Amino acid sequence: MSANIDDPLFLGLDLSTQGLKAVLIDEDGAPVHESAVHFDRDLPSYGTTNGAIRGPGAGEVTSPVRMWLDAYDLIMERMRVAGVDFSRILGVSGDGQQHGSVYWSFQAEQLLASLDVKRSLTDQLAPAAFSIQRAPIWQDSSTTRECRELEAAVGGPQALADLTGSRAYERFTGTQIAKIRRTDPEAYNATARISLVSSFMPSLFLGSIAPIEVSDASGMNLMNVLTCEWDDRLLEAAGGSELRAKIGPEPASGGTFLGKISPYWVERWGFNPECSVAPFTGDNPATVVALSTPGDAILSLGTSTTLLLSIPPAETAPKRFTTSHLLSHPTTSDAHIAMLCYKNGALAREQVRDQYADGHWTRFNELVEARPVGNDGLMGFYFPLPEIIPPNVQGNFFYSTSPSPCTISPVPASEMPAGAHPRAILESQFLSIRSRIAAILPPDAPPLQRLVLSGGSSANSVIQQAAADVFGMRVFVAGKEGAAEGGAQLARYAWWREQNGGTGTFEEMRAMDGVGEAERTRCVAEPKWERERVYAGLVEAYRACEDAVVHACAGAA
């Protein structure tokens, strides 16, 4: 069958914590089909809660690999029932929840290469293909000891951040590997290869174990984030001399194909034998691919607040910090993604809404608009949960920066006007991010162009305008695009580059799409520059107040 069909499709799969989603896009990048499997609801025999199993040890969180195989079989069946013509699919890619890891047995390669078309993936691969049956996932927090040991191996948290883009985190894969090596050496020695969730996924399509992709490798604390190569000191510290072989080849770049789809998929499901498999990435990089280009920022206003900042290639490498993450970019060589993660996002905003705005967003918005920009010099910090940025702060704290932003003084909670809280939480959450963006960007980086909002709060017009004013950027809201569509775009990009002799950038491909930028995103707010100037003058005052919060929490510890 020729690959030069008139109407090719590209498949993106998103294996998240709670489910598996499939999106098909056409040659112009427009979505044409979507299917999904919800783990708890559709595969209840595994006993997961929100796709995961807690325990048995303190902080341990895993997901059954067999469940993921069942989900693959089920989603293909749902696509077939929906009438999907698999023979039109010329490229497959996708994404997986970041940091999670899969441990292949020494039988795995042979089992992958000899799949019987008459039998399901689950029947043939589980349990024999895996040395560990339940994969540690990003919610795991059981590796604090290994975090400290990995940092010590290279000279401390900042040294590790300078090298890998992040200090050691319990959820990162390097420390998960180190814990398994320490606590279950038999399973570790029985492991031939280690995949991320994102490289486990294409392995099933290829019929062989795929390399780890460069952007998702940034979430392991094992790769040099500037050279995009494994660091031997970290491999040795996390997994001993044998980890180099277990981790596989150097990380793979996007925009390339790893190989053709295996005959199993052609014969069982009717895939085109010319369909190629591209590297799969992590869920956050895939979201960046779906929603933005270098020079954009994505602000996810969900349960947590996450800023994803696409940093174009520059002469000077971006700075690395112990309170943020730096990832390699999945499509653009020498570009990066900076990531700031806040635990107290919508949860904190909703608590303020419930306590001071009668539980209604309409009233919350009215109170925000009734207060002047800068809130008459009042700043409020709301941390119902222990925060990540700044680390280990919890509680509510209030300050006055009046009469001058150069001087701050604590304000008792009882003296904080009730109507000031809604504006205070928006301003402090956004100023925290603004105060860090300039430090992250290289000095020669071009200015950011757009702020793309996603998540539940992104539809709130008052929050949209506040973001435009604080950040001084035009604010856009995307459609329903998500990580699965980003995966499909990665498949299309690899195919498009192959059609163009292996050249061309992701941005050039997107510029040629039949789906225009206006259809993909919608501008919802323009910055009011007189307000932006007020916020520019409050950045230093915000930093001083945040420092006071950190000191107050440290003194109370």
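Below, the structure is looked at part by part. Model, not experiment: these values are computed from the prediction.

1. A word on helix H15 (residues 346-356)
- All of the buried residues in H15 are Ala-346, Ala-348, Arg-349, Val-352 and Arg-353. Viewed end-on, H15 has its buried residues packed into an arc of 165 degrees, placing them on one side of the element.
- The inward-facing, buried residues of H15 contact strand E15 (296-301), strand E16 (305-311), helix H16 (361-370), strand E19 (378-383) and helix H17 (421-440).
- With its phi angle positive at about 55 degrees, Asp-358 sits one or two positions after the end of H15.

2. Looking at the environment of Gly-240
- Relative to the helices and strands, Gly-240 is located in the loop between helix H11 (232-239) and helix H12 (243-247).
- The spatial distance from the C-alpha of Gly-240 to the C-alpha of Ala-335 is 31 Å, given a sequence separation of 95 residues.

3. Comments concerning the sheet that holds strand E4 (residues 53-54)
- Taken in spatial order, the three strands of this open sheet run E4-E5-E8, and their pairing is antiparallel. In this open sheet, the two edge strands, each paired with only one partner strand, are E4 and strand E8 (134-136).
- Contacts between helix H2 (residues 65-81) and the sheet are confined to strand E5 (61-64) and E8, with E5 contributing the most and set at about 45 degrees to the helix.

4. Describing the nonpolar core
- Counting 62 residues, the largest nonpolar core has Leu-299, Leu-309, Phe-381, Phe-430, Leu-451 and Phe-471 as its most contacted members.
- It is H17 that provides the largest number of residues to this core, a total of eight residues.
- Those residues in contact with Leu-299 that lie beyond four places of it in its chain are Thr-305, Thr-306, Leu-307, Phe-430, Ile-433, Leu-451, Val-452, Leu-453, Ser-454 and Phe-471.
- Within the second largest apolar cluster, 55 residues are counted, among which are Ala-108, Leu-111, Leu-125 and Phe-205.

5. Remarks on unusual backbone geometry
- Gly-55 connects to Pro-56 through a cis peptide bond whose omega is 10 degrees.
- Note that Pro-56 resides in the loop between E4 and E5.
- In this structure, the amide linkage connecting Ile-389 to the following residue, Pro-390, adopts the cis form with an omega of -10 degrees.
- You will see that His-99, though not glycine, has its phi angle at about 80 degrees, which is positive.
- A relative accessible area of 7% means that His-99 is categorised as buried.
- If you check the backbone angles, Asp-358 has positive phi at about 55 degrees while not being a glycine.
- By the element assignment, Asp-358 lies in the loop between H15 and H16.
- Its relative accessible area of 59% is what places Asp-358 among the exposed residues.

6. As for empty space enclosed by the protein
- Applying the stated criterion across every chain yields a total of four cavities of 30 Å³ or more.
- Reported here for the largest cavity is a volume of approximately 140 Å³.
- Of all elements in the fold, only E19 and H17 reach the threshold of two or more residues within the lining of the largest cavity.
- Counting residues per element, the lining of the largest cavity draws most heavily on H17, at five residues.

7. Details of the packing of helix H14 (residues 283-291) against helix H19 (residues 483-499)
- At their nearest, the axes of H14 and H19 sit 7 Å apart, and the two run at 75 degrees to each other. With respect to each other, H14 and H19 are oriented roughly perpendicular. For the pair H14 and H19, the contacting residues are Asp-283, Ala-286, Thr-287, Val-289 and Ala-290 in the first and Ala-483, Gly-486, Gly-487, Gln-489 and Leu-490 in the second.
- When grouped by side-chain class, the residues that make up the contact of H14 with H19 number five nonpolar, four polar and one charged.

8. Things to note about the packing of aromatic side chains
- For the structure shown, the criterion picks out 23 aromatic pairs.
- Between Trp-104 and Phe-200 the ring centres are 5.8 Å apart and the planes differ by 35 degrees, which places this aromatic pair in the tilted class. In this pair, Trp-104 is assigned in strand E7 (residues 101-104) and Phe-200 in helix H9 (residues 197-206), connecting sequence segments 96 residues apart.
- Judged by relative accessible area, which is 0%, Trp-104 ranks as buried.
- Taking relative accessible area as the criterion, Phe-200 reaches 0% and is therefore assigned buried.
- Plain terms: the ring middles of Tyr-382 and Phe-398 are 5.7 Å apart, the flat faces sit at 70 degrees to each other, and that makes the pair edge-to-face. One end of the pair, Tyr-382, is in strand E19; the other, Phe-398, is in strand E20 (residues 395-400), with 16 residues separating them in the sequence.
- Accessibility expressed as a relative area gives 7% for Tyr-382, which makes it buried.

9. Points about the pattern of salt bridges
- Considering all chains together, one arrives at 22 salt bridges under this definition.
- The residue Asp-42 makes a salt bridge to Arg-78 at a minimum N-O spacing of 3.1 Å. Remark: Arg-78 occurs in helix H2 and Asp-42 occurs in helix H1 (residues 39-42); sequence separation between them is 36 residues.
- Judged by relative accessible area, Asp-42 falls into the partly exposed class, the value being 22%.
- Among the residues examined, Arg-78 registers a relative accessible area of 32% and is labelled partly exposed.
- Glu-532 is the partner of Arg-434 in a salt bridge, and the nearest nitrogen-oxygen pair spans 3.0 Å. Linking Arg-434 in helix H17 with Glu-532 in helix H22 (residues 529-536), this pair joins segments that are 98 residues apart in sequence. Judged on exposure class, the residue Arg-434 and its partner Glu-532 are both buried.
- In this structure, a network of salt bridges that share partners links the residues Asp-232, Arg-244 and Glu-250.

The rules we used
- Residues numbered from 1 in each chain as written.
- Predicted model: local features only at pLDDT ≥ 70, side-chain atom pairs only at ≥ 80, totals over all residues.
- Heavy atoms only, no water.
- Buried < 20%, exposed > 50% of the residue type's maximum accessible area, 1.4 Å probe, protein only.
- Helix = DSSP H or I, 4+ residues; strand = E, 2+ residues; numbered from the N terminus.
- Arc of directions from axis to C-beta.
- Contact = heavy atoms within 4.5 Å.
- Pairing = 2+ DSSP bridges.
- Axes fitted to C-alpha atoms, helices over the stretch in contact; angles between N-to-C directions.
- Core = buried A, V, L, I, M, F, W, Y, C linked by side-chain atoms within 4.5 Å.
- 1 Å grid on protein atoms, 1.4 Å probe; cavity = no way out; pocket = protein on both sides within 12 Å on 5 of 7 lines; lining within 4 Å.
- Points joined across faces, edges and corners; volume = space filled by probe spheres on them.
- Parallel < 35°, antiparallel > 145°, perpendicular 65-115°, else oblique.
- Nonpolar A, V, L, I, M, F, W, Y, C, P; charged D, E, K, R; others polar.
- Phe/Tyr/Trp six-rings, centres within 6.5 Å; stacked < 30°, edge-to-face > 60°.
- Salt bridge = Lys/Arg side-chain N within 4 Å of Asp/Glu carboxyl O.

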